[in-house]
Amino acid sequence: MFGFSDFLGFLLALLFIYPVVSLIHELGHSFFAWLFGGKFIFSLGRGRKIFQKGPFILNSMYFLDAFCEYEQLKWNNRFTHFLVHAGGVIFNLGSVLVLNLLISKGIIEPHTLFVRYSYFSVWIATFSLVPVDYGNENYSDGLSIYKVLRHNKWPKLTG
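I will try to describe carefully the structure that is included in this document. It should be emphasised that the depicted structure is a prediction, and the values quoted were computed from it without experimental measurement.

Here is what the cut-offs are and how they apply
Residues numbered from 1 in each chain as written. Predicted model: local features only at pLDDT ≥ 70, side-chain atom pairs only at ≥ 80, totals over all residues. Heavy atoms only, no water. Helix = DSSP H or I, 4+ residues; strand = E, 2+ residues; numbered from the N terminus. Rg over C-alpha atoms; globule rule 2.2 N^0.38 Å. Buried < 20%, exposed > 50% of the residue type's maximum accessible area, 1.4 Å probe, protein only. Phe/Tyr/Trp six-rings, centres within 6.5 Å; stacked < 30°, edge-to-face > 60°. Lys NZ or Arg CZ within 6 Å of the ring centre and 35° of its normal. Core = buried A, V, L, I, M, F, W, Y, C linked by side-chain atoms within 4.5 Å. Contact = heavy atoms within 4.5 Å. Expected span 1.5 Å × (residues − 1). Bend = angle between axes of the 7 residues up to and from the residue. Salt bridge = Lys/Arg side-chain N within 4 Å of Asp/Glu carboxyl O.

## Here we look at the overall build of the chain
Step number 1: Scanning the chain for helices and strands turns up 4 helices and 4 strands.
Step number 2: Secondary structure of the chain in N-to-C order comes out as α-β-β-α-α-β-β-α.
Step number 3: Computed over the C-alpha atoms, the radius of gyration of the chain is 17 Å, within 12% of the 15 Å expected from 2.2 N^0.38 for a compact globule of 159 residues.
Step number 4: Expressed as a percentage of the 159 residues in the chain, the buried residues total 36%.

Below is the structure:
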């Protein structure tokens, strides 16, 4: 049964955990774009822009969606573009592995918050790998990775 405490947990997940998971995902793309000499911008949320610092934009509905865009990489090859497009998944799954390692070593205590974080991280990593064409040359991470590896094409990153 879905009670009041479940509703509070849902709000916590929607307003705090999911945006953190989205931020980690976009930081993964941004990190690899930066590492290989590309310029990037990433945005957390939709709606009116409420804050911008360097390449980071925070929008009023910060809990809805996130995206990253990058320009030409200095090191421009299949491997570097693969890592940029896979960076979100790498960071999401890597953060879950680090979190589990910290818990297993007794450095941090297990908490429901970490379970929810891990759930959303695995969820966003899994669904970003589903090959989807959103139209206007916007592709999911999975379809972008496929195009990079199979066809040696560098699709724009908007995921």
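## What to know about the packing of aromatic side chains
Step number 1: Under the criterion given, the structure shown has 13 aromatic pairs.
Step number 2: An angle of 40° between the planes, with centres 6.0 Å apart, marks the rings of Phe31 and Trp34 as tilted. Note that Phe31 and Trp34 are positioned in helix 1 (residues 4-35) at a spacing of 3 residues, about one turn of the helix.
Step number 3: By relative accessible area, which is 34% here, Phe31 ends up partly exposed.
Step number 4: Given the relative accessible area of 54%, Trp34 is considered exposed.
Step number 5: With a centroid separation of 6.2 Å and 75° between ring planes, the pair formed by Phe32 and Phe91 is classed as edge-to-face. Residue Phe32 is found in helix 1, and its partner Phe91 is found in helix 2 (residues 78-104); the two are separated by 59 residues along the sequence.
Step number 6: Accessibility expressed as a relative area gives 10% for Phe32, which makes it buried.
Step number 7: Ring pairs connect the aromatic residues Tyr18, Tyr119, Phe120, Trp123 and Phe127, which therefore count as one cluster.
Step number 8: Lying over the aromatic face of Tyr139, Lys147 brings its terminal NZ or CZ to 4.9 Å of the ring centre.

## A look at the nonpolar core
Step number 1: One finds Ala13, Ile17, Tyr18, Val21, Val96, Leu99, Tyr117 and Ile124 forming the largest nonpolar core, which totals 8 residues.
Step number 2: At the level of secondary structure, the elements contributing two or more residues to this core comprise helix 1, helix 2 and helix 3 (112-128).
Step number 3: The greatest single-element share of this core, amounting to 4 residues, is contributed by helix 1.
Step number 4: Residues contacting Val96, with those up to four places away along its chain left out, are Tyr117, Ser118, Ser121 and Val122.
Step number 5: In terms of nonpolar packing, the next biggest core, distinct from the first, is built from 7 residues, Phe32, Tyr70, Leu73 and Leu83 among them.

## Quick word on helix 1
Step number 1: Taking 1.5 Å of rise per residue, the 32 residues of helix 1 would be expected to cover 46 Å, and the 45 Å separating its terminal C-alpha atoms lies within 8% of that figure.
Step number 2: At Ala13, helix 1 shows its maximal kink, close to 40°.
Step number 3: With its phi angle positive at about 80°, Gly37 sits one or two positions after the end of helix 1.

## Looking at the environment of Ser144
Step number 1: Examined against the element boundaries, Ser144 turns out to sit in helix 4 (residues 141-151).
Step number 2: Placed 81 residues apart in sequence, Ser144 and Phe63 show a C-alpha to C-alpha distance of 24 Å.

## Some remarks on the pattern of salt bridges
Step number 1: All chains considered together, the criterion is met by 1 salt bridge.
Step number 2: Here Arg46 ties to Asp65 by a salt bridge, and the two come within 2.4 Å at their closest N and O atoms. Of the two residues, Arg46 is situated in strand 1 (residues 40-53) and Asp65 in strand 2 (residues 56-70); the sequence distance between them amounts to 19 residues.
Step number 3: Owing to a relative accessible area of 41%, Arg46 belongs among the partly exposed residues under this scheme.

## Description of helix 4
Step number 1: Along helix 4, the residues classified as buried are Asp141, Gly142, Leu143, Ser144, Ile145 and Val148.
Step number 2: Check the buried side of helix 4 and you find it contacts helix 1, helix 2, helix 3, strand 3 (133-135) and strand 4 (138-139).
Step number 3: Phi for Asn152, located one or two positions after helix 4, is positive at around 55°.

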